[in-house]
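One-letter residues, chain by chain:
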Amino acid sequence: MDQSTIQRIEGLTQAQPGWLSALVPGLADADMALRGLETWLVASGSPALFAEELSANPAGAHRLLQLLGTSGPVAQSFQQNPELGITVLDESTYHDEVEVSSLLAEGQLLLQASRSYTHGLDRLRFLKQKWSAVIVSHDLDESWPQPKVWAALSALADVVLKLATEWVWKSVAPGQSMPCPVGIVAFGKHGGNEVNYSSDLDLVYVLHENIEESLEPVAVRFCETLGRALEDPMGRGKLYRTDLRLRPYGAAGPLLAKFRAYRAYYELYAEAWEVQALLRSRVVWGSDELRRDWEQLRKSTCFGRPLSEVSLDAMLAMRERIEQTCSANDIKRGAGGIRDVEFICQILQLATGLDPAQPTTLRVLSELGRTGRLSKADCEVLANGYEWLRKLEHRIQFEDSRQTHEVPPSGPALTKIARLMNEGTEEQFLAELKRRRAQVSGVYNRLLPTTSQSYRDQVLAQEPKIQDWFDALPEKDEFYRQLAMNADSMDRVLPLVRFSPRLVESLKHSLPITEEILSGEVLEELPNELHISNTEDLPVVYREAFLENLVQFAIAGGPPPVVPLSQLAQQAIAVAAQEANFVGSVIALGSLGREDMGPGSDADVLLLVEDKQQTSEQSAQLMLRLLQNWRQRGMPLEVDSRLRPDGRKGLLVRTLHGFDSYAARDMENWERFALGNARLIYGDPRALLHVLASARIETDRQQAWTELVEMKARIEQERVRAHHSHRDVKLGYGGLSDIEWTVRMIELLGPCARRPQDGADLRSRIRKLNQEGFLNVFEAEILNIGLAFLLEVRMRLVLAGFEGDLIPENPDKLQMLAEPMGLTSANAFLDQKQRICDDVRNLFQETIERLRG
């Protein structure tokens, strides 16, 4: 004990010597208490008057000194507002209960007297400081049992949050008569009415269902402003730390959503841990309707179905992971700590449907014992252990409101905590801590043993097909662990192994993308451009982007990524052209031109230059060699230049004049047909004008019609086996070829030529034909539906590893197509395919007949 500090205080107060020394015995940290007292007396401006209060009230004085010697934040608040110390000294007010109604009334008076928005927030901080001091003091002198302390802290948080909500809404929406339309739901310790001194407030914001659309941006701004109001330090520190990550989709999800969005999320997507978290949730601000709806959602989600083994295993695995990553001195997350008691209660609640009113941890334990779901001995061990550990948690946090749960390993801090716990010496305290944690661990391990299976066994029990993929990965045990402990990761892996085994073969050799799948990053918006520092990186970057697009489609569904794959090919070809110093233009044809490339599509190109230069042919050859070299290094792109004039025998590069001459004299109708898919991907836009000008038939259209119809029939006879005609989605009956031919025949033989500014993709061309009256609305819809369906089927055939473009006959393989497309069965898939192909084929034949003349 520092005698010099005592002497200074006695001199400052002009009090009788020795009065202070009598108050010091029994303090956990006498020196800190005396320093705090000196600072408080100086700040008061009337140290003698305050000293009289202390000497006249030894019990109150001892409370004050214990408080100043224990809690740094309380001591600081007393320095800012010396009158707060009287609150602890005054016996008439000290024993007032912390009641929500009285706290609200007090807070509203403070806000009414405030001079500005900022001053109002300061007054709320004052309110919290005042009542925190009262609660801490009752906690320290143990005049309140621990559950009452937790309830008081929770009530204070409720009041401050309600007052802050009203104050911020008034600022954000001045003149608005309606109350704040944002409901606030508390989770975690706050939701369970068990707040501690450094608890975050886990909050979720719910927007009123019938709010005017014009107020929605205001409501979002309110949420953001409320967060700052609670978190900004200001002069008196923060009101509360907040954590908004328990909302649907976590930090990636919207800050504010309507109740129906929460209901849909919990019905369809919530993981086991999210259901567990929902147990301890309640509306702290909002309408009676929201309170009823939220409580119904909580009950139906948590108790509406039995707790499955999969969910239980996921929860246990997560608990194990948390325990493995924390310090041995962590009394919250470590073995035998606070979280173990809460975990037991929550698992047994979910398993048995037990849901008492005001379901605090101790109340749940009491009900578990009363109903025989847990032995009285176990209930007693867990309840006593929980209360003792929560008391210890507070004493660890007293010093400076640190969000910590670790017991100091040694030194003065440990000595002080041992004294505050009334457990004697450091050694005696640590022995008691060890005993308490061992008791809790014993019950936990008996009721909820750790998962007996290895992570690999757990994963493979759910889906054996994962073995081929994950066993091929380096550090496979870590990947299995991540998969076993994260249901979202498993949800992303399962559609890949079940419906896209060919894609999985590639993923065995792609560690970065496997990691993206487990983390969920692969479902984020993918960049539109390849980012490379040098061309040596292109094969790897291209391959990863290529796989990312396919993986995203295989997991999340939606339109097949034919456009992104086409854009990747276009960029790679442009890079090769630049590297080779090719001065001409590259025209995309076929699926690259139409922007509907699949995983196995070739990239058909036509190379043109304005004037023939000696180096044009050489640079074109270099460009193609570069692309071939990149392909050999793993880039999944095959470039084909055989659609050039004279095919393989012709030069790689033609001048525009030479191309026009060839078109005028020697070009056949099938070549004009192919040129209708032309799209400029590199070089001079004028080159596309020449190509599209040749993609028309201006003379002898009747003969051209006959030639083209015969060619279409010949393709079907020669390239599609008779028994495959209804199975081939590209060239068969009602397939993609019929859609392309329908569009292309109208463009070739009708007065509806493609212009350079028109899109080359079939959907754009179908829309143009509809707008210009060559297809009616119903015909355009038939083509669009067929195009979307058949492109998806073709993509899924490739990902599943099935033969060519053929729909399989095996029912199990058909199911692999049906299920990811949202169809209930193989028969449902075949029925839909038949209807679509019938419509496409009939329209193709009708179109051919219309164009006959």
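Residues numbered from 1 in each chain as written. Predicted model: local features only at pLDDT ≥ 70, side-chain atom pairs only at ≥ 80, totals over all residues. Heavy atoms only, no water.

> Help me out: how do you make sense of the overall build of the protein in this one?
Scanning the protein from terminus to terminus reveals 40 helices and 10 strands. Relative to the compact-globule value of 29 Å for 853 residues, the protein shows a C-alpha radius of gyration of 37 Å, a clear excess of over 25%. Here the C-alpha coordinates of the protein stretch approximately 125 × 55 × 50 Å along the principal axes. When contacts within the protein are restricted to residue pairs at least 6 apart in sequence, long-range pairs at least 24 apart make up 71% of them. Within the structure as shown, the protein displays about 37600 Å² of accessible surface, and the carbon and sulfur contribution to it stands at 49%. Taking the average location of the 95 positive side-chain charges in the protein and that of its 120 negative ones, the two points are 2 Å from each other. (Helix = DSSP H or I, 4+ residues; strand = E, 2+ residues; numbered from the N terminus. Rg over C-alpha atoms; globule rule 2.2 N^0.38 Å. Contact = heavy atoms within 4.5 Å. Areas by Shrake-Rupley, 256 points an atom, 1.4 Å probe, with all protein chains shown as cover. Lys, Arg positive; Asp, Glu negative; His and termini not counted. Charge placed at Lys NZ, Arg CZ, Asp CG, Glu CD.)

> Looking at this model, I keep getting lost on the layout of surface pockets. Mind explaining?
Rolling a probe over the atoms, with the probe sized like a water molecule, indicates the empty space that remains. Size it by volume and the second largest pocket reaches roughly 980 Å³. Lining the second largest pocket are 31 residues; nearest its centre among them are G590, D604, R719, K730 and E740. When residues of the lining of the second largest pocket are traced back to their parent elements, those giving at least two are α30 (590-594), α33 (669-675), α35 (701-719), α36 (736-749) and α38 (777-800). The biggest single contributor to the lining of the second largest pocket is α35, with five residues. Here the residues of the lining of the second largest pocket sort into 13 nonpolar, six polar and 12 charged. (1 Å grid on protein atoms, 1.4 Å probe; cavity = no way out; pocket = protein on both sides within 12 Å on 5 of 7 lines; lining within 4 Å. Points joined across faces, edges and corners; volume = space filled by probe spheres on them. Nonpolar A, V, L, I, M, F, W, Y, C, P; charged D, E, K, R; others polar.)

> Quick question: what am I supposed to make of the environment of C752 here?
Here C752 is to be found in the loop between α36 and α37 (762-771). On the accessibility criterion, C752 (2% relative accessible area) is buried. Put simply, C752 and P495 are 257 residues apart on the chain and 43 Å apart in space, counted from C-alpha to C-alpha. Not counting residues within four places of it along the chain, the set of residues in contact with C752 comprises R696, E747, K768, L769, E772 and F774. (Buried < 20%, exposed > 50% of the residue type's maximum accessible area, 1.4 Å probe, protein only.)

> Sorry if this is basic, but what is going on with the nonpolar core here?
Inside soluble globular proteins, nonpolar side chains tend to come together where they are buried. Formed by 141 residues in total, the largest nonpolar core has its most connected members in L37, F78, W294, L392 and F429. Looking at this core element by element, the count peaks at 16 residues for helix α10 (residues 146-172). Residues L473, A574, M623 and L769 belong to the second largest nonpolar core, which totals 118 residues. (Core = buried A, V, L, I, M, F, W, Y, C linked by side-chain atoms within 4.5 Å.)

> When you look at empty space enclosed by the protein in this model, what are you seeing that I'm missing?
For the structure on display, the rule yields five cavities of 30 Å³ or more. Its volume calculated, the largest cavity comes out at about 60 Å³. In this structure, the largest cavity is lined by L589, L606, L643, R644, P645, F659, Y662, M667, W670, E671, A674 and L675. Take the lining of the largest cavity: its biggest share by element is four residues, from α33. Classifying every residue of the lining of the largest cavity by side-chain character gives 10 nonpolar, no polar and two charged.

> What am I meant to see in helix α2 (residues 30-44) here?
Given a rise of 1.5 Å per residue, 15 residues ought to cover 21 Å, and the 21 Å separating the end C-alpha atoms of α2 matches this to within 8%. Buried within α2 are the following residues: A30, M32, A33, L34, G36, L37, E38, W40, L41 and S44. In the stretch just after α2, G45 is the one whose phi turns positive, near 80°. (Expected span 1.5 Å × (residues − 1).)

> How should I be thinking about the pairing of strand β6 (residues 585-589) in this particular structure?
Walk down a regular strand and you will see the side chains alternate between the two sheet faces. With five of its five residues buried, β6 lies for the most part within the structure. In β6, alternate side chains face the same way, and those of S585, I587 and L589 on one face and V586 and A588 on the other are all buried. Pairing geometry for β6 and strand β7 (residues 603-609), over five bridges, is antiparallel. Residue pairing for β7: A588 is matched across the bridge by V605. As paired elements, β6 and strand β10 (residues 679-682) share three bridges and run antiparallel to each other. The partner of V586 across the bridge, within β10, is Y682. (Pairing = 2+ DSSP bridges.)

> Hey, could you run me through helix α31 (residues 616-632) in this one?
Each full turn of the α-helix corresponds to 3.6 residues, which orients residues three or four apart in the same direction. Its 17 residues give α31 an end-to-end C-alpha distance of 24 Å, which sits within 8% of 24 Å, the value for a rise of 1.5 Å per residue. All buried positions along α31 are accounted for by S616, E617, S619, A620, M623, L624, L627 and W630. Residues of α31 that are buried in the fold lie against α28 (538-556), α29 (562-579), β6, β7, β8 (639-640) and β9 (653-655). Where α31 ends, the next residue or the one after it, G634, has phi of about 110°, a positive value.

> Just to check I follow, could you spell out the packing of helix α17 (residues 338-352) against helix α21 (residues 426-447) for this structure?
The description of two packed helices rests on the angle between their axes and on the distance between the axes. Across the interface, α17 lies against α21 with an axial gap of 10 Å and an inter-helix angle of 35°. Judged by the sense of rotation from one axis to the other, the crossing of α17 with α21 is left-handed. The segment α17 lies against α21, with D340, V341, F343 and I344 engaging V440, S441, V443, Y444 and L447. (Axes fitted to C-alpha atoms, helices over the stretch in contact; angles between N-to-C directions. Left-handed = near helix turned anticlockwise from the far one by under 90°.)

> Help me understand the side chain of R744, please; the structure alone is not making it clear to me.
Its location among the elements puts R744 in helix α36. At 2.8 Å, the side chain of R744 forms a polar contact with the backbone oxygen of F673. Setting aside residues up to four positions removed in sequence, R744 forms contacts with R672, F673, L675, G676, A695 and R765. (Polar contact = N/O pair within 3.5 Å; in protein donor to acceptor, adjacent residues only side chain to side chain.)

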